[in-house]
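Here is how the chains run, residue by residue.
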Amino acid sequence: MKVLIATQKPFAAVAVEGIRKILTEAGHSVDTLEKYAAQDDFVKAVAPYDALIIRSDKVTAEVLDAAPSLKIVVRAGAGVDNVDLEAAKARKVVVMNTPGQNANAVAELAVAMMIYMSRGQFTPGTGSEIMGKRLGVQAYGQVGRLVGKKAEALGMKVSAIDPFIPADKIRELGAEPAKDVKDLYANNDFVSVHIPATPETIKSIGYDLITSMPKGACLVNAARKEVIDEEGLAKALEARPDLKYVTDLLPDNYAELKEKFGTRIFATPKKMGAQTAEANINAGIAAARQIADFFATGNTRFQVNKW
Ligand code: 3PG
């Protein structure tokens, strides 16, 4: 079978090597399409392929239509909001992710961002410590739990909420369960967001939740840009000169926000949470194994668009 690694944001070379080794040993051929300039380049490249390995690359109905032999897409990572799951299902294309494989990298970045903001973005002046502060983790999945564990090790008091995990399970996993999302925002010095972008969560974090945070609080977003109501965020930062926002997802109006709010806001120029060699290797290798296994045995364990 023909496999294309299509990564606008490339994997580390060592990860590509590992993917290539697994798939060629299983009898498949591997090509790469990296750092492509426009979506159209991706659409034009996919025609001959039976399988795709992607990251945040957008697999739209147009991409699927341009690849008539396509049987499987593996998102090397967690979020599948970049794949048109229904369009894939309609064309009987299996979509998988590689849950947990890049989670540690994202969790480390979230913790680093908290410290960076507490120290005034490493500018001169008096900062504060995260030890003893309260952290609320919004969604206690693979990334959320790792953030919780690391924060606890650094002396933070960790609480969490997750619509799919009952309170007693959250407690068992080591965090104090919050009553609800409002309670999480109202009672924590930091809230770290780890929800996926879905119709229910898009723009769900806005003015009301942000301004309900305690004095000096900081909102941390290493999840998805779409879950923030950016207008509400700007209004909240305006209304509450003590609040801070740090994110791995560049807001639309970042230059303006930076100008207005200075060291109270920080965004990485390009999403880098999962951008470590280790995460690339873990997620890339998992994707390669899942594809090899799918073609060898029909294994669809990680399929996210079941039919
Ligand atoms: C994910 O959903 O796995 C993360 O957001 C990482 O995305 P990336 O592979 O595009 O960096």
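Given the structure is predicted, the values throughout are model-derived calculations rather than measurements.

Novice: Sorry, what's going on with the sheet that holds strand 11 (residues 244-247) here?
Specialist: Whenever strands of a sheet pair, they do so through backbone hydrogen bonds, lying parallel or antiparallel. Reading across from one edge, 8-7-6-9-10-11-12 is the order of the 7 strands in this open sheet, with parallel pairing throughout. The outermost strands of the open sheet, each flanked by one partner alone, are strand 8 (176-177) and strand 12 (265-267). Where strand 6 (residues 134-138) lies against strand 7 (residues 157-161), 5 bridges are found, and the strand directions are parallel. Within the sheet, the bridge partner assigned to valine 137 lies in strand 7 and is alanine 160. Each of strand 6, strand 7 and strand 9 (190-193) touches helix 6 (residues 142-153); the most contacted strand, strand 6, lies at about 170° to it.

Novice: Can you walk me through the nonpolar core in this structure?
Specialist: Note on soluble globular proteins: their nonpolar side chains tend to be buried together. Counting residues in hydrophobic clusters, the biggest one holds 59 residues, and the most contacted among them are Met114, Leu135, Ile205 and Leu219. The greatest single-element share of this core, amounting to 10 residues, is contributed by helix 5 (residues 103-118). In contact with leucine 135, not counting residues within four places along its chain, are Met114, Val147, Ala151, Met156, Lys157, Val158, Ser159, Asn188, Phe190 and Ser192.

Novice: Help me understand helix 12 (residues 277-297), please; the structure alone is not making it clear to me.
Specialist: The periodicity of an α-helix, 3.6 residues per turn, causes residues three or four places apart in sequence to face the same way. Over its 21 residues, helix 12 extends 29 Å from the first C-alpha to the last, a length consistent with the 30 Å expected when each residue adds 1.5 Å. Here helix 12 has its buried residues at Ala279, Asn280, Ala283, Gly284, Ile285, Ala286, Ala287, Ala288, Gln290, Ile291, Ala292 and Phe294. In the core, the buried residues of helix 12 are packed alongside strand 1 (2-7), helix 1 (13-25), strand 3 (51-54), strand 4 (72-75), strand 5 (94-97) and helix 5. Glycine 298 occupies a position one or two residues after helix 12 and carries a positive phi of about 80°.

Novice: Hey, could you run me through the sheet that holds strand 3 in this one?
Specialist: Taken in spatial order, the 5 strands line up as 2-1-3-4-5 in an open sheet, and their pairing is parallel. Pairing within the sheet leaves two strands with one partner each, and these edge strands are strand 2 (29-34) and strand 5. For this sheet, the mean inter-axis angle between neighbouring strands, taken without regard to orientation, is 20°.

Novice: Would you explain the side chain of serine 192 in this entry?
Specialist: Inspection of the secondary structure puts serine 192 in strand 9. For serine 192, the side chain forms a polar contact with the side chain of histidine 194, separated by 2.8 Å. Here serine 192 is in contact with Ala110, Leu135, Gly136, Val137, Gln138, Val147 and Val220, once residues within four sequence places are set aside.

Novice: I tried to follow the pattern of salt bridges on my own but got confused; where do I start?
Specialist: For side chains of opposite charge, pairing can occur when their charged atoms come near one another. Per the stated rule, a full pass over the model turns up 12 salt bridges. Put simply, lysine 71 and aspartate 50 hold a salt bridge, and the shortest N to O gap is 2.7 Å. Of this pair, lysine 71 sits in the loop between helix 3 (61-65) and strand 4 while aspartate 50 sits in the loop between helix 2 (39-45) and strand 3; the two residues are 21 residues apart in sequence, bridging distant segments of the chain. A residue is classified by how much of its surface remains accessible, and lysine 71, at 29% relative accessible area, is partly exposed. On the basis of relative accessibility, which here comes to 10%, the residue aspartate 50 falls in the buried class. Put simply, glutamate 172 and lysine 169 hold a salt bridge, and the shortest N to O gap is 3.6 Å. Of this pair, glutamate 172 and lysine 169 are both found in helix 7 (residues 167-172), 3 residues apart, which corresponds to roughly one turn of the helix. Residue classification places lysine 169 among the partly exposed positions, given a relative accessible area of 35%. Linked through salt bridges whose partners overlap, the residues forming this network are Lys225, Glu230 and Asp252.

Calculation notes
- Residues numbered from 1 in each chain as written.
- Predicted model: local features only at pLDDT ≥ 70, side-chain atom pairs only at ≥ 80, totals over all residues.
- Heavy atoms only, no water.
- Pairing = 2+ DSSP bridges.
- Helix = DSSP H or I, 4+ residues; strand = E, 2+ residues; numbered from the N terminus.
- Contact = heavy atoms within 4.5 Å.
- Axes fitted to C-alpha atoms, helices over the stretch in contact; angles between N-to-C directions.
- Core = buried A, V, L, I, M, F, W, Y, C linked by side-chain atoms within 4.5 Å.
- Buried < 20%, exposed > 50% of the residue type's maximum accessible area, 1.4 Å probe, protein only.
- Expected span 1.5 Å × (residues − 1).
- Polar contact = N/O pair within 3.5 Å; in protein donor to acceptor, adjacent residues only side chain to side chain.
- Salt bridge = Lys/Arg side-chain N within 4 Å of Asp/Glu carboxyl O.

All quantities given are derived from atomic positions and should not be read as evidence of function.
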